[in-house]
Amino acid sequence: MPALMIQGTGSNVGKSLLVAGLCRAARHRGLSVAPFKPQNMSNNAAVTADGGEIGRAHALQARACGLEPVTDMNPVLLKPETDTGAQVILQGRAVARAEARDYATLRPRLLQGVLDSFARLRAAHDLVIVEGAGSPAEVNLRPRDIANMGFARAAGVPVVLAGDIDRGGVIAQIVGTQAVLDAGDAAMIRGFLVNKFRGDPRLFDDGYRLIEARTGWRGFGLVPWFAGAHRLPAEDAVDLRAWKGEGLHVVCLCLSRIANFDDLDPLAAEPAVRLTMLGPGRAIPGDADLVILPGTKSTLGDLAFLRAQGWDTDLIAHHRRGGHVLGICGGYQMLGRVIRDPSGSDGAVGEVAGLGLLDVETAMAADKRLERIGGTALGQPVTGYEIHMGRTFGPDCARPFAHIPGPDGAHSADGRVAGTYLHGLFSDDAFRAAWLARLGAPSRPGYESGVDRTLDELAAHLEAHLDVGGLLAVASGG
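Attention here is on the structure that accompanies the text. As the structure is a prediction and not an experimental result, all values here were calculated from the model.

## Things to note about the overall build of the chain
1) Next: Each helix and strand counted, the chain has 14 helices and 26 strands in total.
2) Next: The globule rule puts the C-alpha radius of gyration for 478 residues at 23 Å, and the 23 Å found for the chain is close to it.
3) Next: Scored against the burial criterion, the 478 residues of the chain give a buried share of 58%.
4) Next: Within the chain, contacts between residues separated by at least 24 positions form 72% of all contacts whose residues are at least 6 apart in sequence.
5) Next: As displayed, the chain has an accessible area near 18,000 Å², and 54% of this comes from carbon and sulfur atoms.
6) Next: Of note, the chain has its 48 positive side-chain charges centred 2 Å away from the centre of its 53 negative side-chain charges.

Structural data, given as structure tokens:
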């Protein structure tokens, strides 16, 4: 079955968004289409219909295709735990922890898993649209690559190269990529496109022709900046942005290993909410109404990071002023009295004092809970997913945050500190409205339908500015 791979001249050039838009465009053309990314590095994960985890960007791409996300769509997920090490997820399950220098030893096993997953998707759909990772120009990584040309060559998938004109130097990005690739890899590339253009596109006519002349590659279009991108979940922590707004001031602490931060997207879309993503080195603002401790891939590591910023002292002062605090997943664990890790599942063996804002304690364990789940909270239906290691218990659990269907999370006696393991909870309009009402803020319904409308707009945007028919012809071998 046909397949096409979108590779980029670098990270964050818009590959994930391009694939999502092309998937929705192909679906509009009546094709059964599926997304695929051989390898991703992200702590922003989604729980799949088959009980595993993949990068959240690919769950969005699956949604663009009208599909439930499955682990075959992102068979290798690397979840950074330190600056040099990551948990390795293969077909939805953790199989190893690896330091960067040792990762090459896993390549044969991982590549075989990648090819097996791709074969299953290819057999089940009319079209598979593949997203690369980083850039094929990182030729120093080529011997152990399974994410770009290593995959394209092994699977025989044609490539279109995307450059990012917004960051400047797009001519050098594309021409330079061709210059450093070996002949076999360069032969996989059927053409290029230029992404994120702002202004009058006619001003780039000469540059576009120059790229065609220098590379001999076909140009598939110049894509203007898509203004609706902020309404779709961001893939990477580098995409975290400050939202403007008025009303309830919600501050989210940007932990060093922040995970599943798209939990905040529905709040960011609320006109009556001002969301601040607080980076390191900045004090928690005194006018904050609510401080959120988000999920993290390294609870103990990020608890130390939080203390290094002085946020522990800020949180105590915020609570004394009458402010509210919410911890989600790893953030919930930090709010307790103590975190015990007898087997070193989250780092060094031992126990660490928590922030003490909830009368609970957490025991880490090697097994990871991965489950899509639903229930009620504040008397409203709520759905989401759990993705965590460890179990939390203690007196404040007698005042649960939700029932999904059993008790989940905890509230402090004064009701102003809460914790939950439930990710994705704010996507439910009724719960979000009830929760914001308790904090004195109104809510606007329709978050989920807004995501689908934005995917439709993205598909129309690409149809207007790319030769989508030509790209589909390349996927079919044309």
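## Quick notes on the packing of helix H1 (residues 15–28) against helix H13 (residues 447–465)
1) Next: Contact geometry for H1 and H13: axes closest at 8 Å, N-to-C directions at 90°. Accordingly, the angle class assigned to the pair H1 and H13 is roughly perpendicular. Touching Leu17, Leu18, Ala20, Gly21, Leu22, Arg24, Ala25 and His28 of H1 are Asp452, Leu455, Asp456, Leu458, Ala459, Leu462 and Glu463, all from H13.

## So, the pairing of strand S11 (residues 189–197)
1) Next: In terms of residue burial, S11 counts as a mostly covered element, since eight of its nine residues are buried.
2) Next: Bridge analysis of strand S10 (residues 159–164) against S11 gives six bridges, and the strand direction is parallel. In the strand pairing of S11, leucine 161 is matched with phenylalanine 192.

## With respect to the sheet that holds strand S16 (residues 290–293)
1) Next: On the basis of which strands lie adjacent, the open sheet formed by six strands has the order S15-S13-S16-S18-S26-S25 and mixed pairing. Edge strands, defined here as strands with exactly one partner in the open sheet, are strand S15 (273–278) and strand S25 (410–411).

## Focus on the sheet that holds strand S9 (residues 127–131)
Strand-to-strand pairing in sheets goes through backbone hydrogen bonds, with the strands running parallel or antiparallel.
1) Next: Overall, parallel pairing links the six strands, which are arranged S2-S9-S1-S10-S11-S12 in an open sheet. Unpaired on one side and paired on the other, strand S2 (33–36) and strand S12 (218–224) mark the two borders of the sheet. Neighbouring strand axes in the sheet, compared pairwise and without regard to direction, differ in orientation by 20° on average.
2) Next: When S11 meets S12, the two strands line up parallel, connected through four bridges. Of the residues in S12, the one forming a bridge with valine 194 is leucine 222.
3) Next: On top of the sheet, helix H2 (residues 56–65) reaches S2 and S9; it is set at about 170° to S2, its chief contact.

About the criteria used
- Residues numbered from 1 in each chain as written.
- Predicted model: local features only at pLDDT ≥ 70, side-chain atom pairs only at ≥ 80, totals over all residues.
- Heavy atoms only, no water.
- Helix = DSSP H or I, 4+ residues; strand = E, 2+ residues; numbered from the N terminus.
- Rg over C-alpha atoms; globule rule 2.2 N^0.38 Å.
- Buried < 20%, exposed > 50% of the residue type's maximum accessible area, 1.4 Å probe, protein only.
- Contact = heavy atoms within 4.5 Å.
- Areas by Shrake-Rupley, 256 points an atom, 1.4 Å probe, with all protein chains shown as cover.
- Lys, Arg positive; Asp, Glu negative; His and termini not counted.
- Charge placed at Lys NZ, Arg CZ, Asp CG, Glu CD.
- Axes fitted to C-alpha atoms, helices over the stretch in contact; angles between N-to-C directions.
- Parallel < 35°, antiparallel > 145°, perpendicular 65-115°, else oblique.
- Pairing = 2+ DSSP bridges.

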